[in-house]
Amino acid sequence: MSETGAISTDVTEDRFLNGRIVLRQPRKGYRAGIDAVFLAAAIPCRPGESAFEAGMGAGAASLCLAARVPGARVTGIERNEVYAALARQNIAGNGMGDRVRLLDGDVRDLTRNPQGTFPPVASFDHVFANPPYHKREDITASPSDPKAEAHSMAGAELETWVKMLAAMARPRGTITLVQRPEALPRLLQALEGRAGDIRIAPLFPRPHEAASLIILQAVKGSRAAMRLLPGMVLHGPAHGFTDAAEAVLRHGAAFPLR
């Protein structure tokens, strides 16, 4: 996730996929969690294929994808210097330097590439992102609050992220995002005319509760109909993770949407 703003350099070391990935990330500010793991698990990437992440943050989703799919090649872009520095440390620290790389820059500049700084458009098998969740005009926190900044974006920015992701995907490539359910109308509008065969998988905190997150995946250039999938319940009656959620979060299982 990419945002500007001062963020504490006080970091924690967190473990993902049962310790297969060790992630250094700021103690305050945006912190990767289960959303990044499920995002990575949903990408239908195969060994030898390429994937692109918009807003890599400290690298959680990209590293989880690379750990789950041996031979996958992952490229990400990040504009925040603190997160970019941590991402590079995490890529090296997890021994992924040969398959995961980070570009410095802004998502909005991907298609404006006069000097060849970024990869060419339509060059990735899969593209994905964990964009900020809230519209900035809907939150009341101070604009200088780094945590608020990391979880928010201006009203039109989500559509820009989708447009840039679609541009970077090859024809028939997949576009995968994790978002709050309330962002679904904007996501669908942004994808119109760019991608189809949309699959939506809700993530439910507990049985009989409303979904807290959705995973959305589309195919660039497809005109196939949209499907709403059963999704997954994350926590059981005892408040621990369900067996299905544990398989994704701890054991690196895929979360296939197609």
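None of these values were measured; they are calculated from a predicted model.

## Points about the packing of aromatic side chains
Consideration 1: Counted according to the given criterion, the structure contains two aromatic pairs.
Consideration 2: Ring centres of Phe38 and Phe255 lie 5.3 Å apart, and the angle between their planes is 85 degrees; this geometry places the pair in the edge-to-face category. Taken as a pair, Phe38 in helix 1 (residues 34–42) and Phe255 in the segment after helix 7 (243–249) lie far apart in primary sequence, 217 residues in all. For the pair Phe38 and Phe255, a shared accessibility class is recorded, and that class is buried.
Consideration 3: A ring pair is formed by Phe52 and Phe124, whose centres lie 5.1 Å apart and whose planes are at 45 degrees; its orientation type is tilted. Placement of Phe52 in strand 3 (residues 50–54) and of Phe124 in strand 6 (residues 124–129) is noted, with a sequence separation of 72 residues between them. The exposure classification of Phe52 matches that of Phe124, with both residues buried.

## Quick word on the confidence of the model for the protein
Consideration 1: Overall, the prediction assigns the protein a mean pLDDT of 89, with 87% of residues at 70 or greater.
Consideration 2: In this model, residues 1–7 is a region of pLDDT below 50 whose contacts with residues beyond four sequence positions or in other chains number 34 contacts.
Consideration 3: This model gives residues 136–152 a pLDDT under 50, and the stretch forms 31 contacts once residues within four places in sequence are excluded.

The rules behind the values
- Residues numbered from 1 in each chain as written.
- Predicted model: local features only at pLDDT ≥ 70, side-chain atom pairs only at ≥ 80, totals over all residues.
- Heavy atoms only, no water.
- Phe/Tyr/Trp six-rings, centres within 6.5 Å; stacked < 30°, edge-to-face > 60°.
- Helix = DSSP H or I, 4+ residues; strand = E, 2+ residues; numbered from the N terminus.
- Buried < 20%, exposed > 50% of the residue type's maximum accessible area, 1.4 Å probe, protein only.
- pLDDT = per-residue confidence, 0-100.
- Contact = heavy atoms within 4.5 Å.

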